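These are the residues of each chain, in order.
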Amino acid sequence: MRVIHVTYFAALRDATGFAEETLKTEAKTVKALFQELAAKYRWPLSDTDIRFAINDRYHPADTVLNEGDKIVFIPPVAGG
């Protein structure tokens, strides 16, 4: 079990109802964490739609999580 901090943007923030949280997880990778939270909050996007940032750097979905990591899920956004 590790404690991490997660920040949500755009559609994920809207679906979750808040911008950030600190939580405990058994997820080993950032993709597994996304899938865990997507099931919990019923997010409208899949892990293939999201970019993952860990500690202010983009990382692939299979990156292993560590205690205290700061995760940001970045969904696609449309501009106009």
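Above this note sits the structure.
Residues numbered from 1 in each chain as written. Predicted model: local features only at pLDDT ≥ 70, side-chain atom pairs only at ≥ 80, totals over all residues. Heavy atoms only, no water.

We now examine the pairing of strand β3 (residues 51-54). Across 4 bridges, β3 lies against strand β5 (residues 70-74) in antiparallel orientation. Within the sheet, the bridge partner assigned to Phe52 lies in β5 and is Phe73. With 3 bridges joining them, β3 and strand β4 (residues 57-59) adopt antiparallel strand pairing. From the neighbouring strand, Phe52 faces β4, where its bridge partner is His59. The turn linking β3 back onto β4 is made up of 2 residues, and Asn55 within it adopts a positive phi angle of 50°. (Pairing = 2+ DSSP bridges. Helix = DSSP H or I, 4+ residues; strand = E, 2+ residues; numbered from the N terminus.)

Another aspect to go through is the pattern of salt bridges. What the rule picks out here adds up to 1 salt bridge. Note that Lys31 and Asp47 form a salt bridge whose closest N and O atoms lie 3.8 Å from each other. Taken together, the residues span a long stretch of sequence, with Lys31 in helix α2 (residues 30-41) and Asp47 in the loop between α2 and β3 at a distance of 16 residues. Take Lys31: its relative accessible area is 33%, and that puts it in the partly exposed class. Residue Asp47 is classed as buried on the basis of its relative accessible area, which comes to 17%. (Salt bridge = Lys/Arg side-chain N within 4 Å of Asp/Glu carboxyl O. Buried < 20%, exposed > 50% of the residue type's maximum accessible area, 1.4 Å probe, protein only.)

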